[in-house]
Amino acid sequence: QNVENGVHFMSMSTTPQPTTTSSYLRSSSFPLSSSSSSYCCVLILLIVCVIGLAALLPSTIIAQDLDCGTLSQSLAGTTSDLLLLLLNANSMDQQVPEVMKSIVVKEFGGPDKLVVDTIPVPEIGDDEVLVKVQYSGINPVETYIRAGAYARLPSLPFTPGNEGAGEIVRVGKDVKGIQVADRVYITTSETGTYAQYCVCKGDDVRSLPDRVSFAQGAGVTIAYRTAYRALFQRFHPKEGDVVLIHGASGGVGLAAIQLAVAHKLTVYGTAGTEQGLKLIREQGATDAFNHRQDGYIQEIQSILEKNGHCIKLIIEMLANVNLDKDMELIGHGGTICVVGNRGEITINPRKLMLKESNISGVLGGTKDEHNTAFAAITKGLADGSLNPVVGQEFGLEDAKDAHVEVIEHNQGTSGKIVLASWK
């Protein structure tokens with residue numbers, strides 16, 4: 001199952017410094033980092049407070065007739081509290097190292113071009129945050145870009161990935177509503193998510209509810225945004241409408257099932273393994289069909305007739321294989337939303353004419369449409385109607401295997417493939 005979404009989120013990394021092979025991400029040109037600056041500010045505040053207290057000492061003794069020993073102890077205690085405040089204010093920054101592990105692509109090519117390197121932890125701007133990435137999502141589009149086989153390519157070298165989940169460890173001074181230690185899922189990254197840390201704009205991280213794990217959160221952005229767009233922005237269903245998801249056991253397919261069920265639509269899905277079929281039914285689909293078996297189209301048609309159902313929407317994950325079959329299955333006036341495609345296909349347009357049906361592409365959307373989708377998705381994550389399903393999990397060292405699996409599905413398709421940054 002192939003999903004061509006998220007390409008416009010791909011990180012365009014800066015040109016590397018000529019003196020080293022490890023400066024692929026942004027680093028500060030100043031001797032003091034943001035953590036050092038915070039440290040100095042708090043230190044100055046501490047000194048001012050202590051001097052002020054010392055200046056008040058004689059007058060306080062005279063006015064209150066206080067014991068000098070008691071006042072000295074009080075002053076010492078206040079100084080101790082301020083020192084503790086200083087340490088606590090800087091504690092989170094102290095947990096951020098100067099370097100990190102990251103996948104770096106230095107030349108376009110096969111999966112072996114995904115190389116683990118040690119590079120500087122990137123610095124943030126005033127409107128940005130630094131995320132400690134726990135997991136990142138793996139998507140087919142990232143394999144095309146890695147291979148240099150896509151229309152929009154980043155400058156070399158670069159770190160792939162634009163979705164993931166983790167914790168906020170630094171916050172730019174102009175960022176509002178986000179605090180250190182917040183759990184977030186990433187909707188766009190400035191420096192790439194196949195890494196232990198990444199920089200994001202403050203507007204490009206969303207709250208991740210406690211009930212959702214970081215591994216689950218890594219599979220939210222592209223899968224759920226794409227599913228939401230296909231269901232509710234490229235099509236406008238009514239309660240009870242029948243939806244077929246052609247390739248429903250992957251990240252986008254499972255997201256589409258959950259979103260459709262939450263909106264009281266009737267859902268059918270296909271998969272290529274028994275595990276996938278079971279997973280589809282567990283998410284709330286009325287029935288599931290094996291698209292690797294001969295005659296499954298006729299089986300779907302038979303079940304639809306038996307249940308008195310007419311398909312209003314088909315979400316298609318591999319149009320170069322299935323589009324002509326979709327045109328046989330779609331009901332009168334229905335819509336086929338193409339989410340994924342890997343080649344060309346010959347179709348007979350008369351099938352569209354006879355049913356007055358439509359074919360619609362799904363890829364991007366406006367910023368406002370993204371915000372609408374993410375607001376609905378975050379709400380669903382919080383109320384429990386949306387539960388991302390994690391499939392295979394790989395470590396950074398095995399990123400090349402993850403890129404093979406997301407295309408070839410050697411282990412079958414059963415949820416979102418994720419990359420663990422710290423394993």
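What you see is a predicted model, and the numbers here were worked out from it, not measured in a lab.

### Overview of the pattern of salt bridges
Consideration 1: All chains considered together, the criterion is met by 16 salt bridges.
Consideration 2: Where aspartate 126 meets lysine 173, a salt bridge forms, and the shortest distance between an N and an O atom there is 3.7 Å. A residue pair is termed long-range when its members are at least 10 positions apart, and aspartate 126 in the loop between β2 (115-120) and β3 (128-137) and lysine 173 in the loop between β4 (164-171) and β5 (183-186) qualify at 47 residues.
Consideration 3: What makes aspartate 126 partly exposed here is its relative accessible area of 39%.
Consideration 4: Taking relative accessible area as the criterion, lysine 173 reaches 60% and is therefore assigned exposed.
Consideration 5: Salt bridges here are not isolated pairs; linked through shared partners, they connect Asp126, Lys173 and Asp174.

### A look at the environment of glycine 217
Consideration 1: Following the sequence through the fold, glycine 217 ends up in helix α4 (residues 214-217).
Consideration 2: As for glycine 217 and valine 184, which are separated by 33 residues in sequence, their C-alpha atoms are 7.9 Å apart.
Consideration 3: Those residues in contact with glycine 217 that lie beyond four places of it in its chain are Gly164, Ala165, Tyr185, Leu208 and Val212.

### A few points about the pairing of strand β6 (residues 197-201)
Consideration 1: Across the five residues of β6, four count as buried, placing the element largely inside the fold.
Consideration 2: Pairing between β3 and β6: five bridges, direction antiparallel. Counted as the bridge partner of valine 129 is cysteine 200 from β6.

### Re the packing of aromatic side chains
Consideration 1: This structure, assessed with the given rule, holds six aromatic pairs.
Consideration 2: Each ring, one from tyrosine 197 and one from tryptophan 422, has its centre 5.7 Å from the other, and the planes form 85°; the classification is edge-to-face. One end of the pair, tyrosine 197, is in strand β6; the other, tryptophan 422, is in the segment after β15 (416-420), and 225 residues separate them in sequence.
Consideration 3: In this structure tyrosine 197 comes out as buried when scored by relative accessible area, which is 2%.
Consideration 4: One cation-aromatic arrangement involves lysine 132 over tryptophan 422; the distance from NZ or CZ to the ring centre is 4.8 Å.
Consideration 5: The ring of phenylalanine 214 has arginine 183 sitting right over it, with the charged end atom 4.5 Å from the ring centre.

### Concerning unusual backbone geometry
Consideration 1: The omega angle of the peptide bond from leucine 156 to proline 157 is -10°, so this bond is cis rather than trans.
Consideration 2: Residue position: proline 157 is located in the loop between α3 (140-147) and β4.
Consideration 3: The phi dihedral of glutamate 356 falls on the positive side, at around 45°, and the residue is not glycine.
Consideration 4: When you line up the elements, glutamate 356 lands in the loop between α10 (350-355) and β13 (358-361).

### Section: the sheet that holds β13
Consideration 1: Spatial ordering of the open sheet is given by β10-β9-β8-β11-β12-β13, a layout of six strands whose pairing is parallel. Single-partner strands in this sheet number two, and they are β10 (287-290) and β13. Taken pair by pair, the neighbouring strands of this sheet meet at an average axis angle of 20°, ignoring direction.
Consideration 2: As defined by bridge partners, strand β8 (residues 242-246) adjoins strand β9 (residues 266-271) across four bridges and the pair is classed as parallel. Bridge pairing links isoleucine 245 to glycine 269 in β9.
Consideration 3: Against the sheet, helix α5 (residues 221-233) makes contact with β8, β11 (311-316) and β12 (335-338), and its axis sits at roughly 155° relative to β11, the strand it touches most.

### As for the nonpolar core
Consideration 1: By size, the foremost hydrophobic cluster in this structure holds 48 residues, and its most contacted members are Tyr185, Tyr224, Leu231, Ile245, Leu259, Ile315 and Ile377.
Consideration 2: Of all hydrophobic cores here, the second largest spans 19 residues; its members include Val242, Tyr296, Leu304 and Leu329.

### A few points about the packing of α3 against helix α12 (residues 399-408)
Consideration 1: As a packed pair, α3 and α12 sit with axes 9 Å apart at the nearest point and diverge in direction by 120°. Taken together, the axes of α3 and α12 are oblique relative to one another. Where α3 crosses over α12, the two elements pack in a sense that is left-handed. Here α3 contributes Pro140, Glu142, Thr143, Tyr144 and Arg146 to the contact with α12, which in turn contributes His403, Val406 and Ile407.

### Some points on helix α8 (residues 296-307)
Consideration 1: Helix length check: α8 (12 residues) gives 16 Å between terminal C-alpha atoms against 16 Å at 1.5 Å per residue, within 8%.
Consideration 2: Listed in full, the buried residues belonging to α8 are Tyr296, Ile297, Ile300, Ile303 and Leu304. Looking down the long axis of α8, one finds its buried residues gathered within 125° of arc, a one-sided arrangement. Projecting away from the buried face of α8 at angles above 90 degrees are the exposed residues Glu305 and Lys306.
Consideration 3: Buried-residue contacts for α8 involve β8, β9, β10, β11 and α9 (319-329).
Consideration 4: One or two steps after α8, the chain reaches glycine 308, where phi turns positive at roughly 70°.

Rules and cut-offs
Residues numbered from 1 in each chain as written. Predicted model: local features only at pLDDT ≥ 70, side-chain atom pairs only at ≥ 80, totals over all residues. Heavy atoms only, no water. Salt bridge = Lys/Arg side-chain N within 4 Å of Asp/Glu carboxyl O. Helix = DSSP H or I, 4+ residues; strand = E, 2+ residues; numbered from the N terminus. Buried < 20%, exposed > 50% of the residue type's maximum accessible area, 1.4 Å probe, protein only. Contact = heavy atoms within 4.5 Å. Pairing = 2+ DSSP bridges. Phe/Tyr/Trp six-rings, centres within 6.5 Å; stacked < 30°, edge-to-face > 60°. Lys NZ or Arg CZ within 6 Å of the ring centre and 35° of its normal. Axes fitted to C-alpha atoms, helices over the stretch in contact; angles between N-to-C directions. Core = buried A, V, L, I, M, F, W, Y, C linked by side-chain atoms within 4.5 Å. Parallel < 35°, antiparallel > 145°, perpendicular 65-115°, else oblique. Left-handed = near helix turned anticlockwise from the far one by under 90°. Expected span 1.5 Å × (residues − 1). Arc of directions from axis to C-beta.

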